[in-house]
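# Observations on chain architecture
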Amino acid sequence: MAHGPAKGFTRWLYTTNHKDIGSMYLWFSFAMFFLGGFFALVIRAELFQPGLQIVEPNFFNQMTTMHGLVMVFGAVMPAFVGLANWMVPMMIGAPDMALPRMNNWSFWILPFAFAMLASTLFMEGGAPNFGWTFYAPLSTTYAPASVTFFIFAVHIMGASSIMGAINIIATILNMRAPGMTLMKMPLFVWTWLITAYLLIAVMPVLAGVVTMMLMDIHFGTSFFDAAGGGDPVLFQHVFWFFGHPEVYIMILPAFGVVSAIIPTFARKPLFGYSSMVYATASIAFLSFIVWAHHMFTVGMPLFGELVFMYATMLIAIPTGVKVFNWVTTMFKGSMTFETPMLFSIAFVILFTIGGFSGLMLAIAPADFQYHDTYFVVAHFHYVLVPGAIFSITAAVYYWLPKWSGNMYDETMGKAHFWLAFIGLNVTFFPMHFSGLAGMPRRIPDYNPLWADWNMISSVGAFLFGAAQLLFLFIVIRTIIGGKKATAEVWEGSHGLEWTVPSPAPYHTFSTPPEVK
Amino acid sequence: MLSISRRSLGLLFAVAVAFLPALVYAGEWQLNMTEGVTSVSQSVFRLHMVILIICVVIGIVVFGVMFYSMYAHRKSRGAKAANFHESTTLEIIWTVIPFVILIAMAFPATSTLKKIYDTDNADLDILITGYQWKWKYEYLGEDVSFFSNLSEKSRQQIYSKAPKSADYLLDVDEPVLIPVGKKVRFLVTAADVIHSWWVPDIAVKRDAIPGYVNESWTLVEEPGTFVGQCAELCGKDHGFMPIVLKAVPQAEFDAWLAEKRAAATAIAEAAKQQLSFEELYAKGEEVYISRCAACHQDNGQGIPGVFPAIAGSAVATGDLASHLSVILNGVNGTAMQAFAEQLNPVESAAVTTFQRNAFGNNTGDIIQPIDIVNFQQDQ
């Protein structure tokens, strides 16, 4: 029978409740977001001016590496798993996740993985310094000793992701309320279902590639060592076979979030629901056959370059369909602009800009000039920050009243939005220019030619960082108190999660709802 | 078409300037990709501009519709929501139109790529090898090869000991020369980790990968100096391994090759001389700072756990033969390179003498250039 949560720390340690686990994922991700953000600010502080002022090159490389790893595996991925934990059961009318004990485990191994990864900063020789893409042989023969801990941490993160993905698939396929057919599921559930399959397909590939590194480092194999008959380019093929689907793992659930929020505040159903589902599936499929566009300069044969160029250009089509659908959803709606909507609109605009630069990067001859410059840094930050981070932020504002039972302060939410929006663009837009002007990425010092753009980027980065402190304050304040939220929360909200009271009771849908 | 896009970028530039406070460095505010100096780099630039303009136009249309709805269809203006949510016709239209645009884009991209891949019939081959953190250039069949390091001038400016020059971090001790009007093929490889040889003005970026020899080419019509950098993270000093490429008339190029060959002969002669301890020590310090200090640090302390110390090290104070072996042959599987091919016997002798006597090592050993020559012969 329904009962409340246990008391004390063991509530969190032993919990199998999807809401508790969802909250822990979200808080963990929030903590990692600040840690990764701190690393980013060290980078931006050093790059404020030409010359070496604050850190040494080797430590700078540790910062770029740790920033990437912590943000990708620690902030973005766990945040989406947290949202899935909270929302998927409530959206499909299920009482909990299908595999609650595994759910507990998949969360609780994460803090250990990241504690281990962070501890490498204090080891002799320092943390991993070979970039988040850890290309061999820089990450094998030439790596600091801490690389072994990095490999172990990646294995644990991968295990956590795989378990989370299995759980989400099992929940969605088996626990939908009567009448909730697949094509009636909210788009967030659909995008997560597809994301979960991507995770199961590629996390083992990542585990494989780091295991091959481990063998090369400690067991005398030569997978990636040319001197022993191995192949450094093989590393890149295997890594990007994981890495490209990985970027969609970080963006597909964001599509789902935005597809929930825009119809709510446009007070109009999502345009082209079924085409959205098919577009998501197409993007997921294409993500498996485009990986070598990250490697246009490694010297593939002409035919290989052409195949990967054409395949990559195709991604623009389903992605375009999504953007057009969101815009058409807004068209002739009755729009209001609460904080979640502001973040979602910014998502559509800025993610599209990131998509445009992605299309430019797909043109292989032009990529020879863009590759490994700040233009690429601008591109993937435009996709990931307003893409993944803004959608997560939008989701938090959108569902926080449901989670906590209290409304957040709208004025403060809007202030947070504008600070983040301005900070983001001031940080990352100039990177297009410094990149086109020829500044390579991952360098701690640079020619004065790029000094102006770098100074602007650094100022923007600190503004963006400050905006997130405001976000933390708003979230805590809302959880503590505030205006009570209704069950519907938003005037235009639709879906099962809005039929339960706010805050959502510890156990929801113990009896399945009827979906018509 | 190009002028329009420059104007629109100019507008963005104006917005950025209006938006932000005055800046300390009066740089050049370069906004766009370089057009470069070769037919390949110009084709690449045109591709870049065409795709950029396509993106800007699509952006204006899509965001235009969006901003219009955000203005016209807001609840505060009394907008009532319509209820349409499907249109197969629309979905087909916005699938087909992008597809057609992409196909139109694929044609010029393919032909440019084919041009870039046509490395046949080169007049000159240069083998480029990436090392941590320098480039080696070998003129195949010309008996000329040398290493190119970050210049001492830039090195002095890193920690703001001297004001930064316009070519800060983009200048080298030995530039790589090519003759104008000749098709030059670059064969690119690496000795340790992956590097990437990139000179924007000729639109050549090729990864330098151990075990691979990648090919690219250029043909520069007018004399000029073009700079670039390593474009693939290759460890600590990735940001400090620039490229300076000079295109010169054929006659000047031939004279330069002859001069390089003469210098090699002079070095062989110099190896026979005897030097005093002071001469060796002073020369050795110079070599140490430019070649060793990047890893082992100016004070010989290294970086714990990454690069070993020279000060008080068992190698630098122990058996001379094993010390020479480390310097000249390198240590397999570590960042320690074989310096035999980077340093001449005088430099090797000097830096060994320096290491065995500096940083409190005080072994009193003096190593002459002839010792280096003999050591290499005995191996």
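Cut-offs and rules
Residues numbered from 1 in each chain as written. Chains lettered and ligands numbered in written order. Predicted model: local features only at pLDDT ≥ 70, side-chain atom pairs only at ≥ 80, totals over all residues. Heavy atoms only, no water. Pairing = 2+ DSSP bridges. Helix = DSSP H or I, 4+ residues; strand = E, 2+ residues; numbered from the N terminus. Axes fitted to C-alpha atoms, helices over the stretch in contact; angles between N-to-C directions. Contact = heavy atoms within 4.5 Å. Phe/Tyr/Trp six-rings, centres within 6.5 Å; stacked < 30°, edge-to-face > 60°. Lys NZ or Arg CZ within 6 Å of the ring centre and 35° of its normal. Salt bridge = Lys/Arg side-chain N within 4 Å of Asp/Glu carboxyl O. Buried < 20%, exposed > 50% of the residue type's maximum accessible area, 1.4 Å probe, protein only.

## Some thoughts on the sheet that holds strand β9 (residues 224-230) of chain B
Residues and elements named next belong to chain B. The strand order β4-β10-β9-β6-β7 describes an open sheet built from five strands, whose pairing is mixed. With one partner strand each, in any of the chains shown, β4 (176-179) and β7 (204-208) form the two edges of the open sheet. On average, each strand axis in the sheet is inclined to that of its neighbour by 25 degrees, with strand direction left out of account. Alignment of β9 against strand β10 (residues 242-248), held across six bridges, turns out to be antiparallel. Within β10, the position partnered with G228 by the bridge is I243. Those strands touched by helix α5 (residues 250-270) are β4 and β10, and its axis lies near 135 degrees from that of β4.

## Description of the packing of aromatic side chains
One pass over the structure, following the stated rule, counts 69 aromatic pairs over all chains. When the centroid spacing of 5.4 Å and the interplanar angle of 70 degrees are considered together, the rings of A:F241 and A:W291 count as edge-to-face. Within this pair, whereas A:F241 is found in helix α7 (residues 232-249), its partner A:W291 is found in the loop between α9 (273-286) and α10 (302-314), the two being separated by 50 residues in sequence. Positioned over the ring face of B:Y117 is B:R206, at 5.3 Å from the centre of the ring. Looking at B:K260, its charged tip hangs above the ring of B:F146, at a distance of 4.6 Å from the centre.

## Re the pattern of salt bridges
Residues and elements named next belong to chain B. In this structure the tally under the stated criterion is 16 salt bridges over all chains. The closest approach of N and O atoms between R185 and D125, which form a salt bridge, is 2.8 Å. Taken together, the residues span a long stretch of sequence, with R185 in strand β5 (residues 184-190) and D125 in strand β1 (residues 124-131) at a distance of 60 residues. Here D365 makes a salt bridge to R356, at a shortest N to O gap of 2.7 Å. For R356, a relative accessible area of 2% translates into the label buried.

Purely geometric numbers; function is a separate question.
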